[in-house]
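Listed below, chain by chain, are the residues.
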There are 2 protein chains.
Amino acid sequence: MLSQTVEYALRAVVYLADQSPNARTTSQIAEATHVPPAYMSKVLQGLCRAKVLRSQRGIGGGMSLVNAPEELTILDVVNAVEPIGRIESCPLGLKVHGVHLCALHRRLDNALAAVEDAFRSTTLAEVLADPNPSVPLCDLPGRST
Amino acid sequence: MLSQTVEYALRAVVYLADQSPNARTTSQIAEATHVPPAYMSKVLQGLCRAKVLRSQRGIGGGMSLVNAPEELTILDVVNAVEPIGRIESCPLGLKVHGVHLCALHRRLDNALAAVEDAFRSTTLAEVLADPNPSVPLCDLPGRST
DNA sequence: TCCTAATTGGATATTGACATCCAATTTACC
DNA sequence: GGTAAATTGGATGTCAATATCCAATTAGGA
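Residues numbered from 1 in each chain as written. Chains lettered and ligands numbered in written order. Predicted model: local features only at pLDDT ≥ 70, side-chain atom pairs only at ≥ 80, totals over all residues. Heavy atoms only, no water.

Of regular secondary structure, chain A possesses six helices and two strands. Taken from N to C terminus, the helices and strands of chain A fall in the order α-α-α-β-β-α-α-α. The long-range fraction of contacts in chain A, counting pairs at least 24 apart against all pairs at least 6 apart in sequence, stands at 58%. (Helix = DSSP H or I, 4+ residues; strand = E, 2+ residues; numbered from the N terminus. Contact = heavy atoms within 4.5 Å.)

What follows is about the protein's contact with DNA strand C. Looking at DNA strand C, there are 26 residues lining it, with Thr5 and Pro36 of chain A together with Lys42, Ser55 and Arg57 of chain B nearest. Each atom of DNA strand C within 4 Å of the protein was classed as base or backbone; sugar and phosphate made up 64%. Contact between DNA strand C and Gln56 of chain A: a sugar or linking oxygen at 3.4 Å from a side-chain N or O atom of the residue. Ser55 of chain B is positioned with one of its side-chain polar atoms (N or O) 2.6 Å from a phosphate oxygen of DNA strand C. The set of elements that each furnish at least two residues to the surface near DNA strand C consists of helix H1 (4–19) and helix H3 (37–49) of chain A together with helix H3 (37–49), strand S1 (53–56) and strand S2 (62–65) of chain B. Here the surface near DNA strand C is built from residues that sort into seven nonpolar, 15 polar and four charged. (Near = heavy atom within 4 Å. Polar contact = N/O pair within 3.5 Å; in protein donor to acceptor, adjacent residues only side chain to side chain. Nonpolar A, V, L, I, M, F, W, Y, C, P; charged D, E, K, R; others polar.)

Attention now moves to the protein's contact with DNA strand D. Neighbouring DNA strand D are 26 residues; Lys42, Ser55 and Arg57 of chain A together with Thr5 and Pro36 of chain B lie closest to it. At the protein interface, 64% of the atoms of DNA strand D within 4 Å belong to sugar or phosphate. Between DNA strand D and Thr26 of chain A there is a distance of 2.8 Å, counted from a phosphate oxygen to a backbone nitrogen or oxygen. Side-chain polar atom of Gln45 of chain A to a base nitrogen of DNA strand D: 3.3 Å apart, as the coordinates give it. Looking at the surface near DNA strand D, the elements that each hand over two or more residues are H3, strand S1 (53–56) and strand S2 (62–65) of chain A together with helix H1 (4–19) and H3 of chain B. Grouping the amino acids of the surface near DNA strand D by side-chain chemistry returns seven nonpolar, 15 polar and four charged.

Once that is clear, we can look at the environment of Arg106 of chain B. Following the sequence through the fold, Arg106 of chain B ends up in helix H5 (residues 103–120). In this structure, the C-alpha to C-alpha distance between Arg106 of chain B and Ala32 of chain B, residues 74 residues apart in sequence, is 40 Å.

Turning next to the pattern of salt bridges. Summed over all chains, the structure comprises 14 salt bridges over all chains. Two residues, Arg107 of chain A and Asp130 of chain B, come together in a salt bridge whose shortest N-O distance is 2.8 Å. Note that Arg107 of chain A is positioned in helix H5 (residues 103–120) and Asp130 of chain B in the segment after helix H6 (124–129), a pairing that runs across two chains. The class for Arg107 of chain A is partly exposed, based on a relative accessible area of 22%. Arg120 of chain B is paired through a salt bridge with Asp117 of chain B; the nearest N and O atoms lie 2.7 Å apart. Taken together, the positions of Arg120 of chain B and Asp117 of chain B, both in helix H5 and three residues apart, correspond to about one turn of that helix. Judged by its relative accessible area of 43%, Asp117 of chain B is partly exposed. Linked through salt bridges whose partners overlap, the residues forming this network are Arg86, Arg106, Asp109, Glu116, Asp117 and Arg120 of chain A. (Salt bridge = Lys/Arg side-chain N within 4 Å of Asp/Glu carboxyl O. Buried < 20%, exposed > 50% of the residue type's maximum accessible area, 1.4 Å probe, protein only.)

What follows covers unusual backbone geometry. Residues and elements named next belong to chain A. With an omega of 5°, the peptide bond running from Ser20 to Pro21 counts as cis. One non-glycine residue, His34, lies in positive phi territory at about 60°. Considering the arrangement of structural elements, one finds His34 in the loop between helix H2 (26–33) and H3. Residue classification places His34 among the partly exposed positions, given a relative accessible area of 45%.

With that settled, consider the side chain of Glu7 of chain B. Structurally, the position occupied by Glu7 of chain B is in helix H1. Among the polar contacts made by the side chain of Glu7 of chain B, one reaches the side chain of Arg11 of chain B at a distance of 2.7 Å.

Residues and elements named next belong to chain A. Buried within H2 are the following residues: Ile29, Ala30 and Thr33. Down the axis of H2, the smallest arc covering the buried residues is 95°, so these residues share one side. Away from its buried face by more than 90 degrees, H2 exposes Ser27 and Glu31. Directly after H2, the chain includes His34, whose backbone phi takes a positive value near 60°. (Arc of directions from axis to C-beta.)

Before going further, it helps to spend a moment on the pairing of S2 of chain B. Residue and element names in this part refer to chain B. Neither face of S2 is left uncovered, since the one carrying Gly62 and Ser64 and the one carrying Met63 and Leu65 both have all their residues buried. Judged from the four bridges that link them, S1 and S2 form a sheet pairing that is antiparallel. Following the sheet pairing, Gln56 is matched in S2 by Gly62. Between S1 and S2, which pair antiparallel one after the other, the connecting turn spans five residues, and Gly58 there sits at a positive phi close to 85°. (Pairing = 2+ DSSP bridges.)

Printed below as a string of structure tokens:
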């Protein structure tokens with residue numbers, strides 16, 4: 001349902017939010033998130049193009065968040081990589097349906113809208129602050145690695 | 001977000017629910033739903049294997065619903081084709097997370113659960129009975145074709 | 001039994017998602 | 001200016017989703 005690339009992008013952003021405002025290299029991000037480095041590189045490039053991340057080349061460079069974790073939502077990340085494909089008009093191309101979706105597509109789109117809302121209402125800061133015994137990306141209980 | 005195959009399957013089932021309990025041929029279904037006939041054939045085969053549809057060969061044969069539209073939910077159809085990939089355990093394979101998802105994956109899975117619930121709570125009969133000016137699959141206002 | 005209607009399954013083609021590798025480029029620091 | 005660190009972009013490979021076509025099979029009806 002959610003693509004692998006979205007999953008990878010979210011891991012990277014969670015990691016960078018935790019390290020914020022410091023920058024981390026692609027290798028560091030890939031290792032921390034257990035994602036193939038070469039592929040993570042492409043994912044990060046996409047997040048840069050979408051202005052979610054900024055990149056800095058050369059020694060001491062790397063990737064960092066453009067906005068503070070409090071200002072960055074899960075939806076921002078998802079949209080940057082692969083937007084929720086909301087159903088805007090009749091997928092069958094039926095003219096008369098136009099803006100008014102039929103009962104089937106109205107219900108499908110409502111479900112997609114609910115996902116969008118859930119993602120829009122959660123910031124990366126909230127994810128990191130969650131009082132959860134399992135810390136994101138971290139193999140040990142507690143913020144140790 | 002939802003695959004093309006799921007969309008096609010839902011169109012076919014909506015059409016067959018409207019025609020229920022009569023059978024319709026693959027060609028009729030494909031034409032009514034604006035789906036490539038050869039591909040629709042494969043989609044219908046899958047729905048038969050999942051016991052959502054039954055097939056009858058020979059003259060007068062075709063595809064028909066196994067259950068009444070009142071007993072068939074959108075989720076039944078979605079699950080038959082491509083189940084909602086709920087997040088059961090940590091996608092990173094981190095041992096300590098196990099059943100207890102981290103804050104990130106807990107939120108992602110909650111969104112998926114919401115979609116599942118929405119789909120589970122809607123029957124095909126409800127879709128057909130919806131007082132909506134746009135009739136599913138039908139190019140004209142009102143149940144005419 | 002024969003003919004026709006209809007599904008079934010296999011083979012095949014195409015496209016995008018996922019993934020890898022490397023040369024080129026940019027940048028910091030000596 | 002030179003060197004090492006780091007991203008960038010292009011080329012490439014693999015695989016699953018999408019899509020098409022057809023021979024084989026099943027079944028109804030004259």
